[in-house]
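# Observations on chain architecture
Chain residues, written in single-letter form:
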Amino acid sequence: MEPKKVRWGVLGTARIADAVVRGIRLSSNSDLAAIASRDASLAQEWATRRDVPHVFGSYDEMLASDVIDAVYVPLPNGLHKEWSIKAMQQGKHVLCEKPLAASADDVREMMAAADANNVKLMEAFMYRFHPQTERVLKLLAEGIIGDLKVIRATFGFVLDNLDDVRWRPDLAGGSLMDVGCYCVNVSRLVAGGNPVVVTARQHVAQSGVDDLFGGVLEFSGGLLGLVDCDFQSGAGMQQSLSISGTRGRINVAQPFRRDENPVSIVIDRSEDGDRGGPFESIEVSGANQYHLMVESFADAVLNHHPTAYTLEDSLGNMQVIDALKESARTGRAIQL
């Protein structure tokens, strides 16, 4: 008898959906069952190209159907709460794109819906499942760079399509929400929790959302997190993670990478001033992090155990983002 698999439906045809679709296809415990779009012809075209058996011309119709067990929500940020809750009210498990919602209050409503309907809800921070992230955390736990002092996380690219939904304030756009949420998330992951105080500055584009954002996260014990993100960085997508401690530094060139090639983590344990070195490069095998994320979530659904990380963690991430926004808006330091 073939083992039971989670039957997935995708809400919308956003470009990011293809990455998760590949993850579903690679997974041993998942099947791609359905696609829904408000444009029925677009949904049919999308399904034909990807060999998806069920096509729906409305989100509500797919959510009410019995052909899916779980949904992936790749909709604009401002729609995450509405459609995740509607899915959960239909008894469907939800893997929702990052950030989980437009505010911490929205996350609380989503948490309540997951609890009330006894379903799984998880935020799709795929980088957490990559072996590179797991290896960095293991190195830190081993104390390889001593006591942590500074975390620096960067993520940016040029967003020159002015019709892109990420330029829209009403859909919770902006660089902090789109890519800065990764910087906040990895900083909190490394630090082991939320900062106690944040300060931030931003540049607001003509559309009304930030296209350049920088923040300082002050964690307990004197650890600092420096995050910056933007829609202005040229020469492709810019991303990096640097973790400095009392005995060295860990550098990750692409902490949020999407390709499946092997990667290198560089450790700099300089003991001779500005000469640098000795350097150590640790090779990590390639992986499809979307595959690992989907398989982990489906395993939690099928075997009735907790997801890889909690909704309380997602709430904490959104609380920090809310505080950063408030600091950038008011020019004040914000305590959490």
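The following refers to the structure shown. (Residues numbered from 1 in each chain as written. Predicted model: local features only at pLDDT ≥ 70, side-chain atom pairs only at ≥ 80, totals over all residues. Heavy atoms only, no water.)

## As for the overall build of the protein
What counts, and what does not: Only runs of H or I of at least four residues qualify as helices and only runs of E of at least two qualify as strands under DSSP, and these elements are numbered from the N terminus. Radius of gyration means the value over C-alpha atoms here, while the globule rule gives 2.2 Å times the residue count to the 0.38 power. Each residue is placed in one exposure class: buried if its accessible area under a 1.4 Å probe, protein chains only, is under 20% of its type's maximum, exposed if it is over 50%, and partly exposed if it falls in between. We call two residues in contact whenever any of their non-hydrogen atoms come within 4.5 Å of each other. Method for areas: the Shrake-Rupley scheme with a 1.4 Å probe, in which residue coverage is limited to the protein chains shown. Lys and Arg are tallied as positive, Asp and Glu as negative. Neither His nor the chain termini are counted. In this description, the location of a charge corresponds to atom NZ of lysine, CZ of arginine, CG of aspartate or CD of glutamate.
Within the protein, the secondary structure is distributed over nine helices and 15 strands. On C-alpha atoms alone, the protein measures out to a radius of gyration of 20 Å, which is about the 20 Å that the 2.2 N^0.38 rule sets for 336 residues. Dimensions of the protein along its principal axes, counting C-alpha atoms only, are 65 × 50 × 40 Å. When each of the 336 residues of the protein is scored for burial, the buried share is 53%. Residue pairs in contact within the protein that sit at least 24 positions apart in sequence constitute 68% of those at least 6 positions apart. Entry remark: accessible area of the protein is about 14700 Å², with carbon and sulfur atoms responsible for 48%. Computed over 33 positive and 44 negative side-chain charges, the separation of the two mean positions in the protein equals 2 Å.

## Focus: helix α4 (residues 80–89)
Turning to α4, its buried residues number three or more, namely H80, W83, S84, I85, A87 and M88. Against the buried residues of α4 lie β1 (6–11), α3 (59–64), β4 (70–73), β5 (93–97), α5 (104–117) and β6 (121–124).

## Let's talk about unusual backbone geometry
The amide bond that connects K98 to the next residue, P99, takes the cis arrangement and shows omega of -20°. Mapping P99 onto the fold places it in the loop between β5 and α5. For N118, which is not glycine, the phi torsion reads 55° and is therefore positive. In this structure, N118 sits in the loop between α5 and β6. Here N118 falls in the exposed class, since its relative accessible area comes to 70%. Its identity is not glycine, yet H304 carries a phi of approximately 55°, on the positive side. Relative to the helices and strands, H304 resides in the loop between α8 (289–303) and α9 (311–330).

## Observations concerning the packing of helix α7 (residues 175–191) against α9
Between two packed helices, the angle of one axis relative to the other and the distance separating the axes together describe the packing. To be explicit about the condition: For helices, the fitted axis covers only the stretch in contact; all axes are lines through C-alpha atoms, and the angles between them, taken along N-to-C directions, range from 0 to 180 degrees. Relative orientations are named as follows: roughly parallel for angles under 35 degrees, roughly antiparallel for angles over 145 degrees, roughly perpendicular for angles from 65 to 115 degrees, and oblique for any other angle. Crossings are assigned a handedness: left-handed for a near helix turned anticlockwise from the far helix by less than a right angle, right-handed for a clockwise turn.
Between α7 and α9, the shortest axis-to-axis distance is 10 Å and the interhelical angle comes to 120°. By the angle class used here, α7 and α9 are oblique. Once α7 is placed against α9, the crossing between them reads as right-handed. Residues L176, M177, C181, V184, N185 and R188 of α7 form the contact with α9, whose participating residues are D313, G316, N317, M318, V320, I321, L324 and K325.

## Re the side chain of D230
What counts here: Counted as salt bridges are all cases of a side-chain nitrogen of Lys or Arg within 4 Å of a carboxyl oxygen of Asp or Glu. Pairs of N or O atoms within 3.5 Å make up the polar contacts considered here, provided that, within protein, one atom can donate a hydrogen while the other can accept it, and that residues adjacent in sequence are counted only when both atoms are side-chain atoms.
Counting through the fold element by element, D230 comes out in strand β10 (residues 224–230). Buried D230, no salt bridge; nearest opposite-charge side chain is R166, N-O distance 12 Å. Here Q232 takes part through its backbone nitrogen, which lies 2.7 Å from a polar atom of the side chain of D230. Non-local contacts of D230, meaning those with residues more than four positions away in its chain, are made with F155, G156, F157, S175, V179, D211 and L212.

## Focus: the nonpolar core
Selection rule: Among the buried residues, those of types Ala, Val, Leu, Ile, Met, Phe, Trp, Tyr and Cys that are joined through side-chain atoms within 4.5 Å form a nonpolar core.
Counting 111 residues, the largest nonpolar core has W8 and I250 as the members making the most contacts within it. No other element matches the nine residues that α7 contributes to this core. Residues contacting I250, with those up to four places away along its chain left out, are L139, L140, I144, I145, L241, S242, I243, I265, V266 and I267.

These figures capture arrangement, not role.
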